[in-house]
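Commentary on secondary and tertiary structure
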Amino acid sequence: MKTLKAYLVSLFDKEFIPTGLKTALFVGTLLFLINHGVAFFQGEMTRDRWISVLLTYLMPYLVSVYGQYAYRRKLIKTSAYQTKHF
């Protein structure tokens, strides 16, 4: 549970946000075009589709921040291990 709380806090970490947003914009746009492009260009977007679009952009952000968070945790653990054993 401690790790989950730390991850949730990391979603608003100023170091993670820029990369997360760039990833969300790039990957989200590709997924949007793949999954909703035809409906968008034909003017057939429904409320449910727009909710799906929000998730299409949110998920890459969450995954990007998690990757950054996990890497930082690994560095901290490795650094702590090396400090104790060397």
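Description of the structure in this document. A quick note: this is a predicted structure, and the numbers were derived from the prediction, not measured.

The number of helices and strands found in the chain is three helices and zero strands. Reading the chain from its N end, one meets helices and strands in the order α-α-α. For the chain, whose C-alpha radius of gyration is 18 Å, the value lies well above the compact-globule estimate of 12 Å for 86 residues. Restricting to contacts in the chain with at least 6 residues of sequence separation, those with at least 24 account for 72%. Of the roughly 6800 Å² of accessible surface on the chain, a fraction of 69% belongs to carbon and sulfur atoms. Averaging the locations of the 11 positively and 4 negatively charged side chains of the chain gives two centres separated by 15 Å.

This part covers helix H2 (residues 17–41). With 25 residues, H2 extends only 30 Å from end C-alpha to end C-alpha; this falls clearly short of the ideal 36 Å at 1.5 Å per step. The sharpest bend along H2 measures roughly 65° and falls at asparagine 35. All of the buried residues along H2 are Gly20, Ala24, Gly28, Phe32, His36, Gly37 and Ala39. In the segment just after H2, glycine 43 is the residue with positive phi, at about 70°.

Relative to the helices and strands, leucine 8 is located in helix H1 (residues 2–10). In this structure, the C-alpha to C-alpha distance between leucine 8 and leucine 75, residues 67 residues apart in sequence, is 19 Å.

Below, the discussion takes up the environment of glutamate 15. Inspection of the secondary structure assignment puts glutamate 15 in the loop between H1 and H2. Among the residues examined, glutamate 15 registers a relative accessible area of 60% and is labelled exposed. C-alpha separation for the pair glutamate 15 and valine 65, spaced 50 residues apart in sequence, amounts to 9.6 Å. Filtering out sequence-adjacent residues up to four positions away, glutamate 15 remains in contact with Gln68 and Arg72. Here arginine 72 takes part through its side chain, which lies 3.3 Å from a polar atom of the side chain of glutamate 15.

Cut-offs applied
Residues numbered from 1 in each chain as written. Predicted model: local features only at pLDDT ≥ 70, side-chain atom pairs only at ≥ 80, totals over all residues. Heavy atoms only, no water. Helix = DSSP H or I, 4+ residues; strand = E, 2+ residues; numbered from the N terminus. Rg over C-alpha atoms; globule rule 2.2 N^0.38 Å. Contact = heavy atoms within 4.5 Å. Areas by Shrake-Rupley, 256 points an atom, 1.4 Å probe, with all protein chains shown as cover. Lys, Arg positive; Asp, Glu negative; His and termini not counted. Charge placed at Lys NZ, Arg CZ, Asp CG, Glu CD. Expected span 1.5 Å × (residues − 1). Bend = angle between axes of the 7 residues up to and from the residue. Buried < 20%, exposed > 50% of the residue type's maximum accessible area, 1.4 Å probe, protein only. Polar contact = N/O pair within 3.5 Å; in protein donor to acceptor, adjacent residues only side chain to side chain.

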